[in-house]
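One letter stands for each residue in the lines below.
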Amino acid sequence: MAILVGEDTRLLVQGLGRDGTFQANRTRDYGTNMVAAVHPGRDGQKFEDEVPYFSTVAKAVEQTGANTGVIFVPAPFAMDAIIEQIDAGLELVVCISEGVPVLDMVKVMAYIEDKPTRLIGSNCPGVLSPASKAKVGIVPANIVRPGNVGVVSRSGTLTYEAIAQLVQHGMGQSTCVGIGGDPVHGTTFTDVLELFQADDETEAIVLIGEIGGIREQLAAEYIKEHVTKPVVAAIAGNSAPAGKRMGHAGAIITGKAALASEKNKALAEAGVHVVESPAFIGAKMKEVLG
Amino acid sequence: MNIHEYQAKEILDRFGVPTPHAEVASSAAEAKEIATRIGGRVVVKAQVHAGGRGKVGGVKLVNSPEEAEEVAGALIGTRLVTNQTGTNGVPVEKVMIAETLDIKDELYLSIVIDGDVGAPVVMASTEGGMDIEEVADSTPEKIFRVAGDPLIGLSPYHARDIALALNVPAKAVRPTTQLILDLYRVFIENDCSLVEINPLVITEDDQVIALDAKINLEDDALYRHPELAGLRDPNQQDPLEQRADKADLAYVKLEGGRVGCMVNGAGLAMATMDITKAAGADPANFLDIGGSADQERIEEAFKIIADDEDVEMILVNLFAGIARSDIVAQGIVAAAKETNAQIPMVVAMRGTNAEEGIKILADSGLDITGAPDLAGAAVAIKRKLQEMEGSN
């Protein structure tokens, strides 16, 4: 069993512009079951002559039984798309869109609080499970291998970096989860750790954090109390100056807890195998798993 | 996006937050005129996008319009170097002339988004005029925090709690409460990422006034505030950062670094900087070219790095998902040939069309060392640095 996605994933894609279309095609090439496309005004048409279009998410869910949604709409429309997907009752919503205003995400997180939907993102690469060929997002399918290491990261490209190193050292992945680089986001490190700990397919976990916020420290606390599987972690941004946003909206040092060194310290104290750079994740995991 | 103090004050005025009488001047003569109008003692404040200006002569108390003219004349047209700027400093093009107040107490008030709470948080402290990070470190019990509700906002009782925690005089409780509520509206209605009043002062006659104002606007939300987008002052930015902004590239110049970094993805860009530093050379910049950059943007990215006078070597680290390695390689070769840059490069290229990209670079005749991955890049940089130092 993978986490979050799997063989029963029935995917709805919202936002089929240039990037959305490109990614929807890669997703279908990989073998993920895309059941609906949502784009206002295209009712009755088909995406790539096969997947039905709907004007609304609710109608798409009603007619196709979609249970997972992925969002590629431009950032100014992302909040609306997320709320539409929550209201349609999707179990999992993954928002890829980058540059969503933080006050929009504040409202989304307040809105979703008592709803059954789980949100990943915004500004994230999404989720991929190699064994079940389920790709919800933009993680390149050609670099992954089925296996038993769970990967969770705030960064897209560092997720790919970690995957490549694991493969290079002969290890595959159970599920790869990019939780995104925005300061206010849905699913957190702690949420994913809980799922990996409970997942039979996952034997060990890679966690990649970065400067900003205190979520890595919260993850460390959780690991200390609840995670028995080995965790290898790296934090990016040790050389970043204070007060400057390093690309990701959430990657900014404002106070001591935001420092890479503080996060490394908290994780090491929780028994995590901390490497000084994401460059050494693969080798360390190999050593840990023997 | 940073804005100037005088612009922040204009926003506060619009929302009814009490501020001192102040006007902005672009010349010494104008400064004199304003000082005459305000009358008596005034404060001349350099308008720059950097803190720490008070410690380097950027804020001066003067006793007459003539003195205001003199001080303004000495500031305007110079560059101010503070502990928050690079060694080049930032240009002073305007000064603010403000009335002086009889101050009884200095307080601190700010609003930021707390990502871990998922809401805007009002922070207040009785330690006005100090660096709040220092207060948070040394005496965290002196900081009072209240989170606004994402849907309801800040309730008046919250604002009153803060006013009471700040121990303001009885007469000032109600106006302070109102000021906090108005400041919260400033934050929400303008999509700010920071509103900071340091100090918030209580005057001898128990009035509460925002003596200083710092507002940062959230870049991602500027599209819905066209009236605020015009407040941008590109002259306050590093010239290379200014060019990167125009090209829509996430770039941060790092003071004194030798190795220029060109990377796709923010996380990988940070990891690349880190490993450069670990290899013994300071990175010259953060640069994320993004996922879908075309060749033109790649060329501009390369030129920005190559035009940095501190850069002696360039590290390209690409893990192409959406991006295509061959297009990046073509951009690098075109830009390097155009700028005639003889800067040695270390290149790690993986992902989509990596083989084609590597071949384009190998055939280019440029000084390029290949590296297999992030760890390999560190080794290559170290070796290259030793070579360069050996040949000097």
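To continue, consider the overall build of chain A. Summing up its helical and strand segments, chain A has nine helices and 14 strands in all. For chain A, whose C-alpha radius of gyration is 18 Å, the value lies close to the compact-globule estimate of 19 Å for 290 residues. In terms of overall dimensions, chain A has a C-alpha envelope of 55 × 40 × 30 Å along the principal axes. A buried classification covers 58% of the 290 residues belonging to chain A. Long-range contacts, defined as pairs at least 24 residues apart, comprise 71% of the intrachain contacts of chain A with a sequence gap of at least 6.

In terms of helices and strands, chain B carries 13 helices and 18 strands. The principal-axis extent of the C-alpha atoms belonging to chain B is close to 75 × 50 × 40 Å. Looking at chain B as a whole, 47% of its 392 residues are labelled buried. A separation threshold of at least 6 residues defines the contact pool for chain B, and within that pool the share at least 24 residues apart is 69%.

For sheets, the rule is that strands pair by backbone hydrogen bonds, running either parallel or antiparallel. Residues and elements named next belong to chain A. With mixed pairing, seven strands are arranged side by side in an open sheet as β3-β4-β2-β1-β5-β6-β7. Only two strands of the sheet have a single partner each, and these edge strands are β3 (46–47) and β7 (118–120). With four bridges connecting them, strand β5 (residues 68–71) and strand β6 (residues 92–95) associate as parallel partners. Residue G69 lies in a different strand from β6, and its bridge partner there is V93. Strands β1 (11–14), β2 (34–38), β4 (51–54) and β5 of the sheet are contacted by helix α2 (residues 57–64), whose axis makes an angle of about 155° with β2.

Let us now look at the sheet that holds strand β11 (residues 173–178) of chain A. Residue and element names in this part refer to chain A. Strand order in the open sheet made by the seven strands is β9-β8-β11-β10-β12-β13-β14, with mixed pairing throughout. At either margin of the open sheet sits one strand with a lone partner, and together these are β9 (134–137) and β14 (273–274). Sheet topology note: the strand β12 (residues 204–210)/strand β13 (residues 231–236) ladder contains six bridges and is parallel. From the neighbouring strand, E210 faces β13, where its bridge partner is A236. Lying over the sheet, helix α8 (residues 260–269) contacts β12, β13 and β14, oriented at roughly 170° with respect to β13.

A few words now on the interface of chain B and chain A. Interfaces are frequently sized by the accessible area removed from exposure as the parts join. Between chain B and chain A, the contact holds 45 residues from the first and 50 residues from the second. At the level of elements, α4 (132–138), β13 (250–253), α9 (266–278), β15 (285–288), β17 (345–351) and α13 (374–391) of chain B are the ones that each hand at least two residues to the side of chain B that touches chain A. At eleven residues, α9 of chain B tops the list of elements feeding residues into the side of chain B that touches chain A. In terms of residue class, the side of chain B that touches chain A is built from 26 nonpolar, eight polar and eleven charged.

Attention now goes to the domain arrangement of chain A. All names here are of chain A. Domain boundaries in chain A define domain 1 (11–120) and domain 2 (126–289). Once you take the C-alpha centre of each, domain 1 and domain 2 turn out to be 25 Å apart. Each partner contributes to the interface: domain 1 provides 19 residues, whereas domain 2 provides 17 residues. Looking at the side of domain 1 that touches domain 2, the elements with two or more residues in it are α1 (18–30), β5, α4 (102–112) and β7.

Below, the discussion takes up the nonpolar core. If you look at the biggest cluster of nonpolar residues, it comprises 165 residues, and the most contacted ones within it are I71 of chain A together with L287 of chain B. In contact with L287 of chain B, other than residues within four places in its own chain, are L249, Y251, C261, M262, V263, A269, A301 and I305 of chain B. Of all hydrophobic cores here, the second largest spans 39 residues; its members include A159, L181, V208 and I215 of chain B.

Per the domain assignment, the segments of chain B are domain 1 (1–18 + 102–236), domain 2 (21–100) and domain 3 (239–391). Using C-alpha coordinates to define each centre, domain 2 of chain B is positioned 41 Å away from domain 3 of chain B.

So, on to the packing of helix α11 (residues 325–339) of chain B against helix α12 (residues 354–362) of chain B. All names here are of chain B. It is at 7 Å that the axes of α11 and α12 come closest, and there the two elements cross at 15°. Between α11 and α12, the angle falls in the class roughly parallel. Considering how the two elements wind past one another, α11 and α12 form a crossing that is right-handed. Of the residues in α12, those touching α11 at S325, D326, V328, A329, Q330, I332 and V333 are A354, E356, G357, I360 and L361. Considered class by class, the residues forming the contact of α11 with α12 number seven nonpolar, three polar and two charged.

Residue and element names in this part refer to chain A. Contact geometry for helix α5 (residues 156–168) and helix α9 (residues 281–289): axes closest at 8 Å, N-to-C directions at 45°. Classed by the angle they form, the pair α5 and α9 counts as oblique. Note that α5 runs across α9; the crossing there is right-handed. Here A162, Q165, L166 and Q168 of α5 lie close against α9, whose contacting residues are I281, G282 and M285.

Further remarks concern the environment of M273 of chain B. As for its position among the elements, M273 of chain B is in helix α9. Exposure remark for M273 of chain B: the 30 C-beta atoms within 10 Å place this residue in the buried category. Between the C-alpha atom of M273 of chain B and that of R14 of chain B, which follows or precedes it by 259 residues, the distance is 43 Å. Leaving out residues up to four positions away in the same chain, M273 of chain B has contacts with S239 and A240 of chain A together with C261, P283 and F286 of chain B.

So, how was this worked out
Residues numbered from 1 in each chain as written. Chains lettered and ligands numbered in written order. Predicted model: local features only at pLDDT ≥ 70, side-chain atom pairs only at ≥ 80, totals over all residues. Helix = DSSP H or I, 4+ residues; strand = E, 2+ residues; numbered from the N terminus. Rg over C-alpha atoms; globule rule 2.2 N^0.38 Å. Buried ≥ 20, exposed ≤ 12 C-beta atoms within 10 Å, placed from the backbone. Contact = placed C-beta atoms within 7 Å. Pairing = 2+ DSSP bridges. Axes fitted to C-alpha atoms, helices over the stretch in contact; angles between N-to-C directions. Nonpolar A, V, L, I, M, F, W, Y, C, P; charged D, E, K, R; others polar. Domains from an automatic or database assignment. Core = buried A, V, L, I, M, F, W, Y, C linked by C-beta atoms within 7 Å. Parallel < 35°, antiparallel > 145°, perpendicular 65-115°, else oblique. Left-handed = near helix turned anticlockwise from the far one by under 90°.

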